Amino acid sequence: QVQLEESGGGLVQAGASLRLSCAASGRTFSVYPMGWFRQAPGKEREFVAAIRWSGNTYYADSVKGRFTISRDNAKNTVYLQMNSLKPEDTAVYYCVAFNMGEITIATHWDYWGQGTQVTVSS
């Protein structure tokens with residue numbers, strides 16, 4: 001069993017930056033890959049980014065070049081650095097862990113955090 005807790009969300013203006021954190025606890029030896037999804041009001045859950053044990057990273061086209069996923073294995077923590085934020089980035093961001101299939105498919109991830117709200121004003 002793995003527990004995930006996100007933090008770092010907030011309300012910012014377009015063009016600003018925000019850094020989300022996700023701390024993993026429990027059965028952390030099997031936590032990877034890890035990643036981020038987001039869900040905007042009235043929209044489907046959307047893949048944002050993922051990182052594998054190897055360090056290989058993956059990004060949705062909508063965030064590539066603006067967002068960076070990273071991790072600190074010693075702290076069992078994954079981060080999402082979000083730069084040049086746009087109003088369309090507004091969503092609840094969820095940390096996810098462990099996936100044995102396609103990383104862009106939400107139902108393939110085993111563990112989910114409670115979510116943290118990111119709001120970007122224009």
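Everything discussed here concerns the structure shown above.
Starting afresh in each chain, residues are numbered from 1 along the sequence in its written order. In view of the model being predicted, local features appear only for residues whose pLDDT reaches at least 70, and side-chain atom pairs are presented and counted only at 80 or more, with totals across whole chains, interfaces and linings using the full set of residues. Only heavy atoms go into the side-chain values, all of them from the structure, while hydrogens and water stay out.

Caption draft 1: View of the overall build of the protein. In DSSP terms, a helix is any run of H or I states spanning at least four residues, a strand is any run of E spanning at least two, and both are numbered starting from the N terminus. The secondary structure content of the protein amounts to zero helices and 11 strands. Its helices and strands taken in sequence order, the protein reads β-β-β-β-β-β-β-β-β-β-β from the N to the C terminus. For the protein, the C-alpha radius of gyration of 13 Å lies close to 14 Å, the compact-globule estimate for 122 residues. Along the first, second and third principal axes, the C-alpha set of the protein runs to 40 × 25 × 25 Å. Every one of the 122 residues in the protein was classed for burial, and the buried ones make up 43%. Intrachain contacts of the protein at a sequence separation of at least 6 include 55% that bridge at least 24 residues. Of the roughly 6,200 Å² of accessible surface on the protein, a fraction of 48% belongs to carbon and sulfur atoms. Between the averaged position of the 11 positive side-chain charges in the protein and that of its 10 negative side-chain charges there is a distance of 5 Å. Throughout, radius of gyration means the C-alpha value; the globule benchmark is 2.2 Å times the number of residues raised to the power 0.38. When accessible area is computed with a 1.4 Å probe and restricted to protein chains, residues below 20% of their type maximum are described as buried, those above 50% as exposed, and intermediate ones as partly exposed. Residues are treated as being in contact if the distance between any of their heavy atoms lies within 4.5 Å. Note on areas: Shrake-Rupley with a 1.4 Å probe; residue coverage comes only from the protein chains shown. In this tally, Lys and Arg are treated as positive and Asp and Glu as negative; His is ignored, and so are the chain termini. Note on charges: their place is set at NZ of Lys, CZ of Arg, CG of Asp or CD of Glu.

Caption draft 2: Region of interest: the state of the cysteines. Counting rule for disulfides: a pair of cysteine sulfur atoms within 2.5 Å. Here the structure, examined in full by the defined rule, presents one disulfide. Here Cys22 is linked by a disulfide to Cys95, with a sulfur-sulfur distance of 2.0 Å. Measuring the twist about the S-S bond at about -80°, one finds the Cys22-Cys95 disulfide to be left-handed. With Cys22 in strand E3 (residues 18–26) and Cys95 in strand E9 (residues 91–99), this pair connects stretches of sequence that are 73 residues apart.

Caption draft 3: Fine view of the pattern of salt bridges. Salt-bridge detection follows one rule: a side-chain nitrogen of Lys or Arg within 4 Å of a carboxyl oxygen of Asp or Glu. One pass over the structure, following the stated rule, counts four salt bridges. Salt-bridge contacts for Glu46 lead to Arg38; the nearest nitrogen and oxygen are separated by 2.8 Å. The partly exposed category is assigned to Glu46, whose relative accessible area is 30%. The exposure class assigned to Arg38 is buried, which follows from its relative accessible area of 6%.

Caption draft 4: Geometry of the environment of Gln39. As for its placement among the helices and strands, Gln39 is situated in strand E4 (residues 34–39). With relative accessibility at 26%, the residue Gln39 sits in the partly exposed group. Sequence-wise, Gln39 and Gly115 are 76 residues apart; in three dimensions their C-alpha atoms are separated by 9.4 Å.

Caption draft 5: The pairing of strand E11 (residues 116–121), seen in detail. Of the two faces of E11, only the one carrying Thr116, Val118 and Val120 is buried; Gln117, Thr119 and Ser121 on the other face are not. Two elements, E9 and E11, share three bridges in a ladder whose sense is antiparallel. From the neighbouring strand, Ala91 faces E11, where its bridge partner is Val118. We call two strands paired when DSSP finds no fewer than two bridges between them.

Caption draft 6: Region of the structure containing the environment of Ala97. Along the chain, the position of Ala97 falls in strand E9. When sequence neighbours within four positions are dropped, the list of residues in contact with Ala97 reads Leu4, Val31, Pro33, Met34, Trp109, Asp110 and Tyr111.

Caption draft 7: Focus on the side chain of Arg66. Mapped onto the secondary structure, Arg66 falls in the loop between strand E6 (57–59) and strand E7 (67–72). Overall, the relative accessible area of 11% leaves Arg66 in the buried class. We call two N or O atoms a polar contact when they sit within 3.5 Å, provided that within protein one can donate a hydrogen and the other can accept it, with sequence-adjacent residues counted only if both atoms are side-chain atoms. A polar side-chain atom of Arg66 sits 2.8 Å from a polar atom in the side chain of Asp89. Not counting residues within four places of it along the chain, the set of residues in contact with Arg66 comprises Gln81, Met82, Asn83, Ser84, Leu85, Lys86 and Asp89.

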